[in-house]
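Descriptive structure summary
Residue strings, one per chain:
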Amino acid sequence: MKQRIILLLDMDCFYAQCETVRLGLPQSLPLCLLQWNSVLAVNYPARENFDIKRMDSLQVVREKSLRKVNADRSGDKGGGESSNDG
């Protein structure tokens with residue numbers, strides 16, 4: 001009889017970690033990525049420090065955090081810019 005192995009990967013956190021590397025941000029920086037005004041991916045520091053969860057709305061994220069990084073991929077030129085406009 002063959003044994004089955006089930007593997008679970010936390011891909012939403014993986015995506016946030018990939019963007020952290022791409023943008024050259026410290027891994028300890030809380031980061032969440034949004035799509036259509038809701039959280040698509042969130043890293044562990046954002047989960048632990050701000051209680052941000054996947055599918056939180058943009059409004060909820062703004063209430064919980066102080067800084068955002070604009071990492072617009074529409075042009076896919078890389079880089080990102082910081083802003084303090086919440």
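What you are looking at is a predicted structure, and each value in this text was computed from that prediction instead of being measured.

1. Remarks on unusual backbone geometry
A positive phi angle is found at W36, which is not glycine, with a value near 50°. Here W36 is to be found in the loop between β1 (32-35) and β2 (38-42). Here W36 falls in the exposed class, since its relative accessible area comes to 76%. Unusually for a residue other than glycine, M55 sits at a positive phi of about 80°.

2. Details of the nonpolar core
Grouped together as the largest cluster of nonpolar side chains are six residues: C32, V39, V42, A46, I52 and V61. Apart from the residues within four sequence positions on either side, V61 is in contact with C32, V39, I52 and D56.

3. Some remarks on the pattern of salt bridges
Tallied over the entire structure, the rule returns three salt bridges. The salt bridge involving D51 is made with K53; its shortest N-O contact spans 2.8 Å. For K53, a relative accessible area of 42% corresponds to the partly exposed category. The salt bridge partner of D56 is K64, with a shortest N-O separation of 3.4 Å.

4. Brief notes about the confidence of the model for the chain
Mean pLDDT over the chain stands at 78; residues scoring 70 or higher make up 72%. Here strand β4 (residues 81-83) is the element of the chain with the lowest mean pLDDT, 42, and helix α2 (residues 44-50) is the one with the highest, 89. Every residue in residues 77-86 is under pLDDT 50, and counting partners more than four places away or in other chains gives 17 contacts.

5. Focus on the side chain of S38
Mapped onto the fold, S38 is located in strand β2. The exposure class of S38 is buried, given its relative accessible area of 17%. Those residues in contact with S38 that sit more than four places away from it in its chain are L33, M55, D56, S57 and L58.

Calculation rules
- Residues numbered from 1 in each chain as written.
- Predicted model: local features only at pLDDT ≥ 70, side-chain atom pairs only at ≥ 80, totals over all residues.
- Heavy atoms only, no water.
- Helix = DSSP H or I, 4+ residues; strand = E, 2+ residues; numbered from the N terminus.
- Buried < 20%, exposed > 50% of the residue type's maximum accessible area, 1.4 Å probe, protein only.
- Core = buried A, V, L, I, M, F, W, Y, C linked by side-chain atoms within 4.5 Å.
- Contact = heavy atoms within 4.5 Å.
- Salt bridge = Lys/Arg side-chain N within 4 Å of Asp/Glu carboxyl O.
- pLDDT = per-residue confidence, 0-100.

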